[in-house]
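Coordinate inspection notes
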Amino acid sequence: MGRVVVLVLGMVLLVLGAQGGIRLLADHDNAGVLQWLPGGFPTQLGCFVLMTLIGAALAAVGGANVRRSGSGR
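Heads up: these notes are all about the structure in this document. (Residues numbered from 1 in each chain as written. Predicted model: local features only at pLDDT ≥ 70, side-chain atom pairs only at ≥ 80, totals over all residues. Heavy atoms only, no water.)

On a plain count of helices and strands, the protein chain comes out with two helices and zero strands. Taking 2.2 N^0.38 as the reference for a compact globule, 73 residues should give roughly 11 Å; the C-alpha atoms of the protein chain span a radius of gyration of 15 Å, well beyond that estimate. Along the longest, intermediate and shortest principal axes, the C-alpha atoms of the protein chain span 45 × 20 × 15 Å. Each of the 73 residues in the protein chain was classed as buried or not, and the buried ones make up 26%. In the protein chain, 64% of the contacts between residues at least 6 apart in sequence involve partners at least 24 apart. (Helix = DSSP H or I, 4+ residues; strand = E, 2+ residues; numbered from the N terminus. Rg over C-alpha atoms; globule rule 2.2 N^0.38 Å. Buried < 20%, exposed > 50% of the residue type's maximum accessible area, 1.4 Å probe, protein only. Contact = heavy atoms within 4.5 Å.)

Mapped onto the elements, Arg68 comes out in helix 2 (residues 40-69). What makes Arg68 exposed here is its relative accessible area of 65%. Spatially, the C-alpha atoms of Arg68 and Ala31 are 38 Å apart, while their sequence positions differ by 37 residues.

Once that is clear, we can look at the nonpolar core. Where a protein is soluble and globular, its nonpolar side chains tend to be buried together. In terms of nonpolar packing, the biggest core is built from six residues, these being Leu24, Ala31, Leu34, Leu37, Phe48 and Met51. Setting aside residues no more than four positions away along its own chain, Phe48 makes contact with Leu16, Gly17, Gly20, Gly21, Leu24, Ala31, Val33 and Leu34. (Core = buried A, V, L, I, M, F, W, Y, C linked by side-chain atoms within 4.5 Å.)

Another aspect to go through is the environment of His28. Structurally, the position occupied by His28 is in the loop between helix 1 (2-26) and helix 2. The class of His28 is partly exposed, set by a relative accessible area of 47%. In this structure, the C-alpha to C-alpha distance between His28 and Pro42, residues 14 residues apart in sequence, is 9.8 Å.

What follows deals with the side chain of Thr52. Locating Thr52 in the fold gives a position in helix 2. A distance of 3.4 Å separates the side chain of Thr52 from the backbone oxygen of Gly17, its partner in a polar contact. A distance of 2.8 Å separates a polar side-chain atom of Thr52 from the backbone oxygen of Phe48. (Polar contact = N/O pair within 3.5 Å; in protein donor to acceptor, adjacent residues only side chain to side chain.)

Interpretation in functional terms is not warranted from these geometric data alone.
This is how it looks when you write it as structure tokens:
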């Protein structure tokens, strides 16, 4: 069960980070979930990139663990 949770958390972070970063690049004033973050555009973009990278790593690790365990149990 924990392996599936890591996989799902990674996928959610990956999607939120990538979608938020693309939105921020298209419209510098629309930071979405990171609107509260001080530092402006560079800080917000860096956090979206970091969120995307952490999400990709968690999804890769979670996916490998789920595949290794067979049915995800």
